[in-house]
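Topology and contacts: notes
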Amino acid sequence: MDPSVSPLLDVQHLTTVFDVAGRALRAVDDVSFEVRKGETLGLVGESGSGKSLTAYSILRLVQPPGRIASGRVLFQGRDLLALPEREMRKVRGAGIALIFQEPMTALNPVFTVGDQIAEAMLVHGLATRAEAKRRAVELLDAVRVAEPDRRVRDYPHQLSGGMRQRVLIAMAIACRPSLVIADEPTTALDVTIQAQILDLLREMREAFDLSMLLISHDLGIIAGSADRIAVMYAGRLVEQGPVRDVFRSPAHPYTKALLASIPSGATGRRLKAIEGSVPPLTELPRGCAFAPRCPDALPQCQLEPPPIADIGPGRVVRCFACSPFSVLR
Amino acid sequence: MPLLTVRNLVKEFSRSRGWWGRPSVVRAVDSVSFSIEPGETFGLVGESGSGKTTTGRCILRLVEPTSGEVRFQDRDVLALSREELRRTRRDMQIVFQDPYSSLNPRMRARTIVEEPLVIHKLGTKTERRERVAELFRLVGLDPAHLDRYPHEFSGGQRQRIGLARALALNPSLIVADEPVSALDVSVQAQVINLLIDLQERLKLTYLFIAHDLRLVEHICDRVAVMYRGRILEMGHTAALFRSPAHAYTRALLSAIPIPDPDTRPTRIEWDASSVDLRLPLRQVDQGHWAAI
């Protein structure tokens, strides 16, 4: 990692818990990563891995019984977790924008898309009403919506799923944020529309000089869009590194298994499945959460969570079986 | 002889337009024809609105088709009486997409799996008990968990319960409608492997309905690509993926994200207005048909 460039977003030891029945269940557990200027970090994990909750924690949108228990979220050098709510409101949208998964529910059905794009700019005091209206048309044009001056008066139900996702992207970039968090932005879409939206996100990143945290369960999407990848399992970040290196030589047994389980056409008919399932938060094992499903598990994996270890330029892994720590002990 | 033959299947839905508007007719399935050989896995792929799910339901008559012909084990399915249909349905079962909503939350797993046997009045109480335990083991579940409720199982396990129920009557055809799309990748692979194992052991035939092309490529012998109610291309999986003949198939295949950072797909755009979607299928190669 180049120490001379301070990251745009620096998440340090973030821990978010759910207070349930007198217990604090660690849904995000000691997660650290950074997003540098201009790059896209792909955050991968299955359902329940804590990847979306990590995003909500960064924006401080966690609802009770969820609670951010500890850690720091440095954005442009300021700790977001220490900001007063009033300041935080300025960061949301204008500093960090969020693109949701469900374009059907993320838009308000009773306002035109133009109103909704303009609203963010008005709330942040970035434009007058007339300017905001004009900018809304420009933004729709930027996200490749045909006939933007007509579409701006449409209501969400008049648009297809792909068009709605374009509107959400227009809303996200309206206030010129420096970081966009896209939470499964194409999961609800058909594959041809998904390809268009992913192309658009890449284009927007160039045009508006954006950094991006792209959350997805699909390794194909991450491979095509991210510069670096962070893999989460049961609330912990298990591996992180440049996307090419991690895909070429995955270190963590979970990353290996995940890559191996992707159907790849012609190869034999049986898939390489990971036996068992992700443990529920209430039944997380004491040691490494992946140990019960791991083919390489060592006795010590059952006893304590492995520490984070450096295993190469910009690469870290949290695993006894594959980190230098296993040799030391 | 094919196990299932579908010929010129049509399903129209009428949609009313307000109080005074004349109802408009939507063709969800438009002259669909294909056949499936015993033991084969036939994939029906398409995006939302392509009519793939409606086609599957018409075959089982869960939705009544508007016209066309469905022959199953040489029976004319659309001409069957209620009672005959009920008996025929023993041999063709469906597995639904969403294991969260397709199982009755108030029933124990045991009751869910046993229900088809009760409905068809098969076996004594003891025999059914044994059969249910056997089915549970068959799909890789622990019979000790038979008295649990659906919410006590994970998504993958729930899909196994749905499969056990579908297998209760020893069917020859399973219509699997997006059977793994609600599951995580690692669990998806388990269920796919189970489907493959069961096919070998029980000599099953699958109509596999899916939008995930990677999955379809992996497990189907033959594939039909649907778009707006019509089959635009059909052929052996390897040949169709290697040399797609229809512009839509080419666009669809080029949109699949590739899990390799060094391989960028060459994206092919699809423009429905540039193609005549009404063209009939014609043979472009041995067993390979396209509407071009």
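A brief structural summary. Keep in mind it's a predicted model, so treat the numbers as computed, not measured.

**Considering the interface of chain A and chain B**
Interfaces are often described in size by the accessible area the parts lose on coming together. Counting from both sides, the interface comprises 40 residues of chain A and, opposite them, 35 residues of chain B. Of the roughly 3200 Å² buried between chain A and chain B on both sides combined, carbon and sulfur atoms contribute 50%. Our count for the chain A to chain B interface comes out at six salt bridges. Of the charged contacts in the structure, one is a salt bridge between D218 of chain A and R214 of chain B, with a shortest N-O distance of 3.3 Å. Our count for the chain A to chain B interface comes out at 16 residue pairs in polar contact (both at pLDDT 80 or more). At the level of secondary structure, the elements contributing two or more residues to the side of chain A that touches chain B comprise α7 (191-207), α8 (219-225) and α9 (243-248) of chain A. In terms of residue class, the side of chain A that touches chain B is made up of 14 nonpolar, 14 polar and 12 charged.

**What to know about the sheet that holds strand β4 (residues 67-72) of chain B**
Residue and element names in this part refer to chain B. Strand order across the open sheet formed by four strands is β2-β1-β4-β5, with antiparallel pairing between neighbours. Across the chains shown, the open sheet's two edge strands, defined by having one partner strand only, are β2 (24-36) and β5 (75-76). Bridging between strand β1 (residues 4-15) and β4 involves five bridges; their strand directions are antiparallel. Looking at β4, one finds that T5 is bridged to R71. Packing against the sheet, helix α1 (residues 52-59) makes contact with β1, β2 and β4, and its axis sits at approximately 115° to β1.

**Here's the deal with the packing of aromatic side chains**
One pass over the structure, following the stated rule, counts eight aromatic pairs over all chains. Consider the rings of Y233 of chain A and F290 of chain A, whose centres lie 5.1 Å apart with planes at 80°: the pair is edge-to-face. Separated by 57 residues along the polypeptide, Y233 of chain A in strand β9 (residues 228-233) and F290 of chain A in the loop between α10 (253-260) and β11 (309-312) bring together distant segments of the chain. Judged by centre distance (5.1 Å) and plane angle (65°), the ring pair of Y248 of chain B and W270 of chain B falls under edge-to-face. Of this pair, Y248 of chain B sits in helix α9 (residues 247-254) while W270 of chain B sits in the loop between α9 and β11 (282-285), placing them 22 residues apart in sequence. Side by side, Y248 of chain B and W270 of chain B carry an identical accessibility label, which is buried. Linked through ring pairs, Y233, Y254 and F290 of chain A together constitute an aromatic cluster. One Lys or Arg, K11 of chain B, reaches over the ring of F13 of chain B and ends 5.1 Å from the middle of that ring.

**Here we look at empty space enclosed by the protein**
Think of a ball as big as a water molecule: rolled over the atoms, this probe shows where empty space is left. Residue and element names in this part refer to chain A. Counted by the stated rule, this structure contains four cavities of 30 Å³ or more. A volume near 70 Å³ is recorded for the largest cavity. Lining the second largest cavity, in full, are Y233, R236, V238, C288, A289, F290, P306 and R318.

**Section: the pattern of salt bridges**
Note on pairing: side chains with opposite charge can pair once their charged atoms come close. A full pass over the atoms with the stated rule returns 46 salt bridges over all chains. Note that E85 of chain A and R92 of chain A form a salt bridge whose closest N and O atoms lie 3.0 Å from each other. On the basis of relative accessible area, E85 of chain A is assigned to the partly exposed category, the value being 33%. Look at R92 of chain A and you get buried, because its relative accessible area is 17%. R222 of chain B is paired through a salt bridge with E40 of chain B; the nearest N and O atoms lie 2.6 Å apart. Note that R222 of chain B is positioned in strand β9 (residues 222-227) and E40 of chain B in the loop between β2 and β3 (41-45), a separation of 182 residues in sequence. Of the two residues, R222 of chain B and E40 of chain B, both sit in the buried class. In the salt-bridge network here, residues are joined through shared partners; they are E12, R27, D30, R230 and R278 of chain B.

**Structural notes on the sheet that holds strand β1 (residues 9-20) of chain A**
Residue and element names in this part refer to chain A. Taken in spatial order, the four strands line up as β2-β1-β4-β5 in an open sheet, and their pairing is antiparallel. The sheet terminates laterally at β2 (23-35) and β5 (78-79), the two strands that pair on one side only. Sheet strands touched by helix α1 (residues 51-58): β1, β2 and β4 (66-75). Its angle to β1, the strand with the most contacts, is close to 110°.

Cut-offs used in this document
- The residue numbers shown here count from 1 along each chain, following its written sequence.
- Lettering for chains starts from A, numbering for ligands starts from 1, and both go in the order in which the items are written.
- Local features in this predicted model are restricted to residues of pLDDT 70 or higher, and side-chain atom pairs are both shown and tallied only at a pLDDT of 80 or more, whereas totals for entire chains, interfaces and linings draw on every residue.
- Side-chain descriptors were evaluated using all non-hydrogen atoms of the structure, hydrogens and water having been removed beforehand.
- Any two residues whose heavy atoms approach within 4.5 Å are treated as being in contact.
- Defined in terms of a 1.4 Å probe, buried area is the accessible area two parts forfeit on being brought together, summed over both.
- For this document, the term salt bridge refers to a Lys or Arg side-chain nitrogen within 4 Å of an Asp or Glu carboxyl oxygen.
- Within 3.5 Å is the distance limit for a polar contact, defined as a pair of N or O atoms, with the added protein rule that one can donate a hydrogen and the other accept it, and that residues adjacent in sequence qualify only through two side-chain atoms.
- Each helix corresponds to a stretch of at least 4 residues labelled H or I by DSSP, and each strand to a stretch of at least 2 residues labelled E; elements are numbered beginning at the N terminus.
- Gly is put with the polar residues, along with every residue not named as nonpolar or charged; the nonpolar set is Ala, Val, Leu, Ile, Met, Phe, Trp, Tyr, Cys and Pro, and the charged set is Asp, Glu, Lys and Arg.
- Pairing between two strands is assigned when DSSP locates at least 2 bridges connecting them.
- Think of each axis as a best-fit line through the C-alpha atoms, taken over the contacting stretch in the case of a helix, with angles from 0 to 180 degrees between the N-to-C directions.
- Only the six-membered ring of Trp is used, alongside the rings of Phe and Tyr, when aromatic pairs are assigned; centres must lie within 6.5 Å, and planes under 30 degrees apart are stacked while those over 60 apart are edge-to-face, with the rest tilted.
- Per-residue accessibility, obtained with a 1.4 Å probe over protein chains only, is compared with the maximum for each type, and a residue is labelled buried under 20%, exposed over 50%, and partly exposed between these values.
- Look at NZ for Lys and CZ for Arg. If either is within 6 Å of the ring centre and within 35 degrees of the ring normal, a charge sits over the ring.
- Using a 1 Å grid laid over the protein atoms alone, points where a 1.4 Å probe fits but cannot get out form a cavity; open sets with protein on both sides within 12 Å along at least 5 of 7 lines form a pocket; any residue with an atom within 4 Å of a point counts as lining.
- Grid points are joined across faces, edges and corners, and a volume is the space filled by probe spheres set on the points.

Everything listed is a geometric property; what it means functionally is a separate question.
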